[in-house]
Amino acid sequence: MDESLVGWAMRVANAELSLAVPRRWAHSQGVATRAAELAQILGSDGGLLLASAVLHDVGYAPRLAVTGFHPLDGARFLRDEHGADGRLCRLVANHSFAQLEAEERGLRECLDAEFPLHDEPLLVDALVYCDMTTTPDGERTTAEERVAEIVGRYGADSLVGRFIRRASPQILAAVERVEAVLAAQPR
């Protein structure tokens, strides 16, 4: 695992989220904890998963909110202010099927042009798993409970509510795929 990448990611996420949006920071730390548990199944990409897990919501920091779409704002910040690795930026930009929310916001073409989807399905699924099995307060949950929590928090007819209901089958499938990989690991 790339300790320097992970350490840098933790410092950046802490600086941007801990004071400005402490609940997002708690969630991001919980997502990173989940990622640390999965790192071994990704081999050399374990550090990349951990870095993307802790940074996936950095775009919620008020000073970074340019478009109001946190995956895009976060990825642009990482690319433009930190010169971050392109794979990391693409994971942040597209985490948890963000391209579907981008469609709801009229930003899909922009997202696709700047940060094309990863062609590494296990890495993408692992980040979905970590994000969607962690509560806003950083605790463990099921993907079904997390989707319901998001719909309840934003409202079923809100932009986020529409997106998460639309993405739900893909989220649940990604979580199932990761759980299958984990179940196949030697104990």
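You'll find the structure just up there.
On a predicted model such as this, the values are computed, not experimentally measured, just so you know.

Undergrad: Could you give an account of the overall build of the protein, naming the residues involved and the relevant values?
TA: Within the protein, the regular secondary structure consists of ten helices and zero strands. When its helices and strands are written in sequence order, the protein yields α-α-α-α-α-α-α-α-α-α. Since a compact globule built from 187 residues should have a radius of gyration of about 16 Å, the 15 Å found for the protein is in line with a globular shape. Each principal axis of the C-alpha distribution contributes one length, and for the protein these read about 45 × 35 × 30 Å. In the protein, which comprises 187 residues, the proportion classed as buried is 50%. Restricting to contacts in the protein with at least 6 residues of sequence separation, those with at least 24 account for 67%. On the protein, the mean spot of the 19 positive side-chain charges and the mean spot of the 28 negative ones are 2 Å from each other.

Undergrad: Break down a negative patch on the surface for me, citing the residues and quoting the values.
TA: Where like charges cluster on the molecular surface, the negative patch consists of E144, E145, E176 and E179. If you list the elements that add at least two residues to the negative patch, you get helix 9 (143-154) and helix 10 (159-183). If you trace the backbone, E144 turns up in helix 9.

Undergrad: Give me the lowdown on the environment of L100, citing residues and values where you can.
TA: Here L100 lies in helix 6 (residues 98-105). Taking C-alpha positions, L100 is 7.7 Å from R166, a pair spaced 66 residues apart along the chain. The residues contacting L100, other than those within four sequence positions of it, are F163, R166, A167 and Q170.

Undergrad: So what about the pattern of salt bridges? Which residues, and what values?
TA: Tallying each qualifying case throughout the model produces 20 salt bridges. Here R166 and E104 are joined by a salt bridge, their closest N and O atoms 3.9 Å apart. Of this pair, R166 sits in helix 10 while E104 sits in helix 6, placing them 62 residues apart in sequence. By relative accessible area, R166 is classed as partly exposed at 38%.

Scoring rules and cut-offs
Residues numbered from 1 in each chain as written. Predicted model: local features only at pLDDT ≥ 70, side-chain atom pairs only at ≥ 80, totals over all residues. Heavy atoms only, no water. Helix = DSSP H or I, 4+ residues; strand = E, 2+ residues; numbered from the N terminus. Rg over C-alpha atoms; globule rule 2.2 N^0.38 Å. Buried < 20%, exposed > 50% of the residue type's maximum accessible area, 1.4 Å probe, protein only. Contact = heavy atoms within 4.5 Å. Lys, Arg positive; Asp, Glu negative; His and termini not counted. Charge placed at Lys NZ, Arg CZ, Asp CG, Glu CD. Patch = residues over 30% accessible without salt bridge, like charges linked within 9 Å, V, L, I, M, F, W, Y side chains within 5 Å. Areas by Shrake-Rupley, 256 points an atom, 1.4 Å probe, with all protein chains shown as cover. Salt bridge = Lys/Arg side-chain N within 4 Å of Asp/Glu carboxyl O.

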